[in-house]
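What follows is each chain in one-letter form.
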Amino acid sequence: MPDPIEQALEVALRDRCYFGQVLIRKTNDGFVLSHREDDARNDLQTCRNTEEAVEISKYDDAGNYRPLKTAPNLRHGWRLIFKTLGELKRALDYFYPGRLSVFAAWKTGQLRTTNLRDTLDRQSGMYRVAAKISEEQIDSVVGNFCRSDSGCLRTILWKRDKRGTVASTKLPPEKFDPAYDQTGPGGQVIPLLCQESCNLLVNECRKAVKGE
């Protein structure tokens, strides 16, 4: 039975396209991945093992750990070469865990989103207090934490509440548009979609309520 994620990926691929900060190039022999800003470099370290993507995505250029894999701080200096679509899928899932499956669900109309208030209301333990966050605090926290230039490259699909309130008025309309390249004008893009707020954002909401 065909893999639905591989099918969605194959349909989305062009000769060149972007997946977050990763440039994907189709060749006669397979696929080549690199940091999108390294396209013109000739001194890249070349690897052919999908597991290398795990280490590449773990730290930024300064050697700092990257707790949020969709943050715009993927390190430079590498090239990955693969022969099969399956290898490509595994590598991309290491770079951006879960984003391909979310993309495939979205393309087939099966993706379900969860608004921020519902996400906060279901928290327990030390994160339960996050549900007390005010509307003004949400606007500020989401606007700062999720901004594409320094926070997260995901395209936000979720709303603030059941009424369909926008996640933050401090973010530009492009932040909610799957057709827009969150790293800036570039070309064909496979979007990194965000169907519900992540644990890191929940923690930021908690800190805002606690005044930390």
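What comes next concerns the included structure. Residue numbers restart at each chain and count upward from 1, following the sequence in its written direction. Reporting of local features is limited, given that this is a predicted model, to residues whose pLDDT is at least 70; pairs of side-chain atoms are given and counted only at 80 or more, and all residues count toward the totals for whole chains, interfaces and linings. Side-chain numbers come from the whole structure's heavy atoms, not from hydrogens or water.

## Quick look at the sheet that holds strand S2 (residues 22-27)
So the rule is basically this: Two strands pair if DSSP finds at least two bridges between them. What counts as a helix is a DSSP run of H or I of at least four residues, what counts as a strand is a run of E of at least two, and both are numbered from the N terminus. Whenever a helix is involved, its axis is fitted only over the stretch in contact; in every case the axis is a line through C-alpha atoms, and angles between N-to-C directions fall within 0 to 180 degrees.
Pairing within the open sheet is mixed, and its five strands lie in the order S1-S2-S3-S5-S4. Each having just a single partner strand, strand S1 (16-19) and strand S4 (45-47) make up the two edges of the open sheet. Shown here is a sheet whose adjacent strand axes are inclined to one another by a mean of 25°, direction ignored. Here four bridges tie strand S3 (residues 30-35) to strand S5 (residues 78-82), and the two strands are oriented antiparallel to one another. From the neighbouring strand, Ser34 faces S5, where its bridge partner is Arg79.

## Some remarks on the nonpolar core
Applied cut-off: As used here, the term nonpolar core means buried Ala, Val, Leu, Ile, Met, Phe, Trp, Tyr and Cys residues forming a set that is joined through side-chain atoms within 4.5 Å. Exposure categories follow from relative accessible area, calculated using a 1.4 Å probe and restricted to protein chains: below 20% of the type maximum is buried, above 50% is exposed, and the middle band is partly exposed. We call two residues contacting when some pair of their heavy atoms lies within 4.5 Å.
The biggest cluster of nonpolar side chains holds 34 residues, and the ones touching the most others in it are Leu33 and Phe95. Of all the secondary-structure elements, those providing two or more residues to this core are helix H1 (4-12), S1, S2, S3, helix H2 (52-56), S5, helix H3 (85-95) and helix H4 (99-107). Ignoring anything within four residues of it in the chain, the contact list for Phe95 reads Val22, Leu33, Ala53, Ile56, Ser57, Lys69, Leu74, Trp78 and Leu80.

## Let's talk about the pairing of S2
Side-chain positions along a regular strand alternate between the two faces of the sheet. Pairing of S1 with S2 involves four bridges; the strand directions are antiparallel. Directly across from Arg16, in S2, lies its bridge partner Arg25. The antiparallel hairpin formed by S1 and S2 contains two residues in its connecting segment, where Gly20 sits at a positive phi of about 65°. Where S2 meets S3, six bridges bridge the pair, whose relative direction is antiparallel. For Leu23, the partnering residue across the bridge sits in S3 and is Ser34. Hairpin geometry of S2 and S3 is characterised by an intervening segment of two residues between the two adjacent antiparallel strands.

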